[in-house]
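One letter stands for each residue in the lines below.
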Amino acid sequence: MTPAGALALAAPHPAALTAARRAAARGGNAMDAALAAAAALTVVYPHQCSLGGDLIALVHAPDGTVRALLSVGAAAAGTDVEALRAADSRMPAQGPQTVTVPGVVAGWAALAETYGTPGALGTALRDAAALAREGATVSAGLARAVRDNEARVKADPGLSTLLTGPDGRPVTEGDPLPQPRLATVLDELAADPWSFYGGAVAERLATGLHDLGSPLTAADLEAHRPEFTEPVEVELVTDGPTSTDVAGAEAVRTEPANVKTGNTEAVGAEPVGADAVGTDPVSVRWWAAPAPSQGAVLPALLAAAAGATGRSAVERTRVLAARCQDAAAARDRLLGDPRGQRLDLDGLLDPAPLAGALPPRPPFRPSGDTVAVTAVDSSGLAVSLIQSVYQTFGSGLCDPGTGIVLHNRGSAFSLLPGHPGLLRPGARPPHTLCPVIGRSPALLLAAGCQGGRAQPQILAQTLPGLADPDADPDAVLADPRWVIGARDIGFEEQSLLAEPGSVPESTPAVSPGLPVVTAPGPSDLAGHVQVVRLTHDGRLDAASDPRADGGTVHLAAGTPAAPRTTRTTGNTPEGTPV
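Residues numbered from 1 in each chain as written. Predicted model: local features only at pLDDT ≥ 70, side-chain atom pairs only at ≥ 80, totals over all residues. Heavy atoms only, no water.

Counting its secondary structure elements, the chain contains 17 helices and 23 strands. Here the chain, with 578 residues, has 62% of them falling under the buried criterion. Partitioning the intrachain contacts of the chain with sequence separation of at least 6 by distance along the chain shows that 73% fall at a separation of at least 24. Taken as a whole, the chain presents about 19600 Å² of accessible surface, with 53% of it coming from carbon and sulfur. (Helix = DSSP H or I, 4+ residues; strand = E, 2+ residues; numbered from the N terminus. Buried < 20%, exposed > 50% of the residue type's maximum accessible area, 1.4 Å probe, protein only. Contact = heavy atoms within 4.5 Å. Areas by Shrake-Rupley, 256 points an atom, 1.4 Å probe, with all protein chains shown as cover.)

Shown next, in the form of structure tokens:
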């Protein structure tokens, strides 16, 4: 891969920005910077992401092709589905039975080998090891997570060792966070990242998993393979004459032939870079992650948002909110692992109207976070990378031997016979992670967000504005927005949670039976979006959601640059579902 030249990156923590800047200053490209940021985040954000989590990414190559990378771990081959079903009708929310094979490290390795600079990932992992060994400072968000989950932390010996002092006092903001065992693992992975799945690291982790009561074995770890596949894609076309009309006007057409998913040829449209301009001034093409990611429902929401642009504010809200409910219901009924079964992809890509019915509620309120890192460089290489442990502290288990916090993605499986998301040995769970790439003749962008099940809703409200090359991305992300949910956003019944100004006051309800609840101000539940953009004339910009503590790095070719941090004036992010 060619050197980056200039690049821009957005990430949710200062340590990630520092790591990205170092990678870029060493001559790294957008992928190198993104992976360095991702590695640092597993050290400083153990409540949100770790080596024990999953990863989904979308990558736009300089030649214009876009690929999805799914490093989503599977359930153990020895999973006893009937025993779990006998214990409860639903999967446990946390604990050893919810741990699936962690995919993060394999995802890093695959992305680095395909798009990175040789040696850059190893250097980034050694930097992350030094950060773990020297002791990162406990952030305000991590301190709150420990405080809010103190009983869970103290109940697990691994988490207790990591997050409490000798006197049993939980760590607080500003305390050092030394992680010597994790540092040792990161140093080993710097030499060979695949040892996580088939080497010394895998052996130690498998032993730790067994001791914790997980059915995962060394053979399960060794069987894991990250999957490069074709993303879901949709092209939205307007009749307007200029590129600033992308995603505009009621004349938007979304033909079925323009929606593709899986095993299709990549569209070789003209790449967007400093010296490449497309020929169609009125189209924007969007790529999202395929199943088992919920990205499969995003095209329908983007088409709805585009088609409602010319309507009143009330009608725009009604149209998009209704489509979001349709998509949520389709996801809950139809999403699963496409391996080994045939999914109803048409039902996901074009969800059937609910006609006043309400989608099913999640069985519990997710209380975790995820982290999104986005980067683009002047060659046209762009990446949206999302990694997480699902709920706060994942499964609630930290392997004492490796210092790795283990995710609970397995809790998203269904135990209902016949459901496409049914737990079965070797299957991957339905996933909320939803990175996105967009390209028009004027602009290339990569975006990702926190927000759990609401991620497609959040993206549908922000991406149309971000697709305008003349728009200020910071202003777009600061605009008020809403999310629909039930227990996942703190309500017993389906409700629309609206930030002030996001829903016209004259709208008592956007649809029958869906009350509107106005938040007192900007809400973490409305998600945290990270975005980077490259215009056809080579201009780079980036923005990090003001609801979070993130920031951006801008690096001109050959010129070191300090991170630019955007901070919220309210609470820092915590409790946002992944």
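This structure, assessed with the given rule, holds 22 salt bridges. Among the ionic pairs, R428 bridges to E227, the shortest N-O distance being 2.9 Å. Separated by 201 residues along the polypeptide, R428 in the loop between β13 (404-406) and β14 (436-440) and E227 in strand β6 (residues 227-229) bring together distant segments of the chain. Accessibility expressed as a relative area gives 3% for R428, which makes it buried. Exposure remark for E227: the relative accessible area of 27% places this residue in the partly exposed category. Linking R428 and D337 is a salt bridge whose minimum nitrogen-to-oxygen distance equals 2.8 Å. Taken together, the residues span a long stretch of sequence, with R428 in the loop between β13 and β14 and D337 in the loop between α14 (313-334) and α15 (345-349) at a distance of 91 residues. Across this residue pair, the class does not change: R428 and D337 are buried. It is possible to trace a salt-bridge network through shared partners that takes in E227, D337, R339 and R428. (Salt bridge = Lys/Arg side-chain N within 4 Å of Asp/Glu carboxyl O.)

Once that is clear, we can look at the packing of aromatic side chains. Counting across every chain of the model gives three aromatic pairs. Aromatic side chains W194 and Y197 sit 6.3 Å apart centroid to centroid with 50° between the ring planes, which places their arrangement in the tilted category. Note on W194: relative accessible area 31%, which makes it partly exposed. Through a chain of ring-to-ring contacts, three or more aromatic side chains come together here, namely W194, F196 and Y197. (Phe/Tyr/Trp six-rings, centres within 6.5 Å; stacked < 30°, edge-to-face > 60°.)

Okay, helix α16 (residues 455-466) next. Because an α-helix packs 3.6 residues into every turn, residues spaced three or four apart end up facing the same way. Under the 1.5 Å per step criterion, the end-to-end length of α16 is 16 Å for 12 residues, consistent within 8% with the ideal 16 Å. A large share of α16 lies buried, amounting to nine of its 12 residues. Along α16, the residues classified as buried are Q455, P456, Q457, I458, L459, A460, T462, L463 and L466. (Expected span 1.5 Å × (residues − 1).)

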